[in-house]
Amino acid sequence: MGSPPSDNSGPSSWSDQPPGSGHSAGPYDPRHGSGPPGPEYPGYGAGPPLRLGGRWRRLFAGILDIIIVGIISSPFTYQSFNSVWDTKKGVFVQVPVQHTLLASMIGFLYYWLLTAFWDGKTVGKKLFGLRVTDVSGRRVGVGQAAIRELVAWVLYATCCLGWVNLAFILFTRRKQALHDMAAKTLVLDV
């Protein structure tokens, strides 16, 4: 068949692409795990390949972040008692109230704001040399970080789905949890 006729108005092959166009010379080769140029296949021909963050470092960074969130939110997770009128007994009774909604909001804000405004890093990720980026390795946006954390928090609050979310890191090629897939993010080495 051959190549389509060229009108000489632009590049005729991938090797003729102008620098910085995001395309590289060479065909798509699925044997090497590379894909065609584009946002779905970051790093292909556009400089050094992206280095995904290690699973163990992600685990330890996450544990450190949970400890930090626990310390910050601990004043708001106390248990108090409200007095409620018991109509059957005709007396006031003490009912325990756990204050966790505010603590959850603090946790969400911690992850979202640091990820969005501190170059994709929480304190744990910074100490363990990791950062969150979009799938092409660029800085994550504010909305993208919000989607990532909202999906993560909804899954964590829904029984065992938080564990399922994290388990995806073990089985996906780009080590993405469900919240990474939803927000189109990656966790990379710094």
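First things first, this report covers the structure right here in the doc. In this text the structure is predicted, and so the values were computed from the model without any measurement.

1. A word on the pairing of strand β4 (residues 185–189)
Taking burial as the measure, the five residues of β4 include five buried ones, the bulk of the element. Pairing between strand β3 (residues 130–134) and β4: five bridges, direction antiparallel. In the sheet register, Leu130 faces β4, and the bridge partner there is Asp189.

2. A few points about the packing of aromatic side chains
Under the defined criterion, the tally for this structure stands at seven aromatic pairs. Judged by centre distance (5.0 Å) and plane angle (75 degrees), the ring pair of Trp85 and Phe92 falls under edge-to-face. Residues Trp153 and Tyr156 carry aromatic rings whose centres are separated by 6.3 Å and whose planes lie at 80 degrees to one another, so their mutual orientation is edge-to-face. Of this pair, Trp153 and Tyr156 both sit in helix α4 (residues 142–157), three residues apart, which is roughly one turn of the helix. On the accessibility criterion, Trp153 (24% relative accessible area) is partly exposed. Of the aromatic side chains, those joined through ring pairs into one cluster are Tyr110, Tyr111, Trp153 and Tyr156.

3. Focus on the pattern of salt bridges
The tally for this structure, following the rule as stated, stands at eight salt bridges. Between Arg57 and Asp189 there is a salt bridge, and its shortest N-O distance comes to 2.0 Å. Taken together, the positions of Arg57 in helix α1 (residues 55–73) and Asp189 in strand β4 put the pair 132 residues apart, joining distant regions of the chain. Residue classification places Arg57 among the partly exposed residues on the basis of a relative accessible area of 28%. Measuring nitrogen to oxygen at the nearest pair gives 2.8 Å for the salt bridge that ties Arg148 to Asp180. Taken together, the residues span a long stretch of sequence, with Arg148 in helix α4 and Asp180 in helix α6 (residues 178–183) at a distance of 32 residues. Residues participating in the shared-partner salt-bridge network are Arg58, Arg148, Glu149 and Asp180.

Basis of the calculations
- Residues numbered from 1 in each chain as written.
- Predicted model: local features only at pLDDT ≥ 70, side-chain atom pairs only at ≥ 80, totals over all residues.
- Heavy atoms only, no water.
- Buried < 20%, exposed > 50% of the residue type's maximum accessible area, 1.4 Å probe, protein only.
- Helix = DSSP H or I, 4+ residues; strand = E, 2+ residues; numbered from the N terminus.
- Pairing = 2+ DSSP bridges.
- Phe/Tyr/Trp six-rings, centres within 6.5 Å; stacked < 30°, edge-to-face > 60°.
- Salt bridge = Lys/Arg side-chain N within 4 Å of Asp/Glu carboxyl O.

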